[in-house]
Amino acid sequence: MYKKLLLLLLFFKCFTGFAETIRTDVLVVGGGASGVAAAIQSARSKIKTMLIEPGPWLGGSMTSGGMCILEGNRTLASGIYAEFKNHVREFYKPRLGYDTTTNAPLVFEPYTGAAILKRITDTVKNLTVKMNTPFTAVKKDGTGWEITIMQSGKAVTIKAKLVVDATELGDVAAAAGVLLTAGFDSRTDTKEELAPQNATNQIQDISYLAILKDYGRGIDRTIPQPAGYDATQYACLKNADIKKMLASAKLPNDKYLINWSDCANQYPVTSNDLNPENREATFKKAKLRTLGLIYYLQTRLGFKNLGLTDDFKTADHLPYLPLIRENRRAAGMVRMVLDDIYTPYTRGSQLYRTSIAVGDALPGQHYSIPGAPHINYPPFPAYSIPLGAVVVKEQENLLVTEKAMSVTHLVNSSISYPSVQMTLGQGVGATAAYCIFFETTTKNLKPRIIQGEILDFKGMLMPFADIKTNDWDYRAIQQIGATGLLQGIQKPNGNSARVLFMPDSVVHTAEIKPFLNEIYSRAFLWFNREKPGELFTIGNLLSYISEMTLRDPKNLQDGIQKTWKTYYKFTTGFDATRPVTRREFAVLANRFFNPFARKVDMSGKFIN
């Protein structure tokens, strides 16, 4: 009898222990813009995926943080971000005055954005989402990881083969002992001409944003005076055009996003202030700063009719978390620097060839404490984000996003933008799926295979603003662009610069000859024999294809000429003597000698 009871107790104990351990292939910690996209892509790539989020909403900064006017990646919406963007616009389309033009910023109410993300994740197979689930510990487990979470007040262990740290502050990386740095990097360290001479530990301010609503004339929505209120802190707004500021940040349903700089709702912090043990006190002070701004707006500037909405179910009606622009950055397989944005094709490393996402957001400089270096950026171009910037160098099977990426301070000021992070998250999810599918680790990544998966799901590798994802030749142009055979062209416009493919421009021999000579041994002989002119013709291209593929020249030309408009859908007539356009060259090169098939390492160099 006693033996049976003992066996029963042992069985119960084993069963209970088993029930408290969850196993998954990929675990994404943090349901922000990058985390939700990474989880969706990993699951859509048919990998068992779990997403845990400590708060009540998905979306991070752009929902729980209230950053619901997105200007980044306006002309580069692709993949999961384009899906989210389309859902938002469809929701608001019936609303009078909602701007649905292609280049308009994406504007939405925070809870609407969160609801749309939840609706998307609810439809994704292989994905489990756990809300209101913080993690408490991280432990290496062979090549995988053990993450402890709190669930219904109990500690539960998740065993994952790969972990994505998509937390707002890089908390998983920090808990795992990853080497982290913060603040301005020195010019000597990064070789960035715009970097200050000496490193500093200064990071960008945080901000508790606010959503205000116009409750109508004669309605008084004045809040109680916040603790420690000092009207002189907001003196820079005394002569500001508040109505203009409000109009520039108008949301649907007579609401306004308050995300004002300088003396408004920015709050200066250090990385130490953002450590877990200091966060509660730091965030409380930042909240008082914003509440003081609202009180000043209502009492000193006469906007009593503007009041906080109930979008966020918090005691003070402020967002669930502040907008965090920067924190500590991890040491990755590569470090993305400013020159990878301004001069990607002329560097020793060719990181654009390993791209897993694109970014197009002006760099922020949010410092309310005097003395921070001010960077005079030249027109800031759109850019590719390299694979190695999300791969932790010293820890297998740990990927990082948000503010923990392996980038310099100057790059972080753009790449941390929410819409850029959502675009990046898709590439991170594809990377995670690659490791699981091929039963390998982050030490053995093959960029071209990962990029192929991203393109399969309408992601973007090259930031060509003039080639949309629905273009008939989108994939061919993206793949040729990712080799560097045809390079993007920067076109400055004010303080930014679009990167264009210019598909109807003609190909110059000088732009393709160095590349072809580098990767194809017979190219040198062909150029010496054929001696093409300044402009590369259709005939030159067909001759080169014949040389590389050993096809009969006449049969090749006849076949392409017959299908020029029917199969290839080229709009200009076939003429072997005219210069070939960049579109025509990209499509035919991609099909017949396919330079994208050449493997590259994590620095973008071609390997055999």
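Quantities reported herein were computed from a predicted structural model and do not represent experimental measurements. (Residues numbered from 1 in each chain as written. Predicted model: local features only at pLDDT ≥ 70, side-chain atom pairs only at ≥ 80, totals over all residues. Heavy atoms only, no water.)

Asker: What am I meant to see in the confidence of the model for the protein here?
Answerer: If pLDDT is low for a region, its predicted coordinates should not be looked at in detail. When pLDDT is averaged along the protein, the result is 94; 97% of the residues meet or exceed 70. Within the model, pLDDT remains below 50 along residues 5-19, and this stretch shows zero contacts once partners closer than five positions in the same chain are excluded. (pLDDT = per-residue confidence, 0-100. Contact = heavy atoms within 4.5 Å.)

Asker: Is there a simple way to think about the sheet that holds strand S15 (residues 306-308) in this case?
Answerer: By definition, the strands of a sheet pair up through backbone hydrogen bonds, in either a parallel or an antiparallel sense. Spatially, S12-S13-S11-S15 is the arrangement adopted by the four strands of the open sheet, whose pairing is antiparallel. Two strands in the sheet have a free side with no partner beyond their single neighbour: strand S12 (250-251) and S15. Sheet strands in contact with helix H8 (residues 276-299) are strand S11 (210-214), strand S13 (255-258) and S15, and its direction is about 155 degrees off that of S15. (Pairing = 2+ DSSP bridges. Helix = DSSP H or I, 4+ residues; strand = E, 2+ residues; numbered from the N terminus. Axes fitted to C-alpha atoms, helices over the stretch in contact; angles between N-to-C directions.)

Asker: Is there a simple way to think about helix H2 (residues 33-44) in this case?
Answerer: Given a rise of 1.5 Å per residue, 12 residues ought to cover 16 Å, and the 17 Å separating the end C-alpha atoms of H2 matches this to within 8%. The buried fraction of H2 amounts to 11 of the 12 residues, a majority that puts the element mostly inside the structure. Every buried residue belonging to H2 is among Ala33, Ser34, Gly35, Val36, Ala37, Ala38, Ala39, Ile40, Gln41, Ser42 and Ala43, and all of these are buried. Phi for lysine 46, located one or two positions after H2, is positive at around 70 degrees. (Expected span 1.5 Å × (residues − 1). Buried < 20%, exposed > 50% of the residue type's maximum accessible area, 1.4 Å probe, protein only.)

Asker: For this particular structure, what's the right way to read the packing of aromatic side chains?
Answerer: Both the distance between ring centres and the angle between the ring planes are used here to describe each pair of aromatic rings. With the rule as written, the count across this model stands at 30 aromatic pairs. Between phenylalanine 312 and tyrosine 320, the aromatic rings sit 5.8 Å apart at their centres with planes inclined by 90 degrees, giving edge-to-face as the arrangement. For phenylalanine 312, a relative accessible area of 1% corresponds to the buried category. Aromatic side chains tryptophan 526 and phenylalanine 536 sit 5.9 Å apart centroid to centroid with 55 degrees between the ring planes, which places their arrangement in the tilted category. Taken together, the residues span a long stretch of sequence, with tryptophan 526 in helix H15 (residues 523-530) and phenylalanine 536 in the loop between H15 and helix H16 (538-549) at a distance of 10 residues. A single burial state applies to tryptophan 526 and to phenylalanine 536, both of which are buried. Following the ring pairs from residue to residue traces out a cluster consisting of Tyr520, Trp526, Phe527, Phe536, Tyr544, Phe585 and Phe593. Over the ring of tryptophan 145 we find lysine 140, and its NZ or CZ is 4.4 Å from the ring centre. (Phe/Tyr/Trp six-rings, centres within 6.5 Å; stacked < 30°, edge-to-face > 60°. Lys NZ or Arg CZ within 6 Å of the ring centre and 35° of its normal.)

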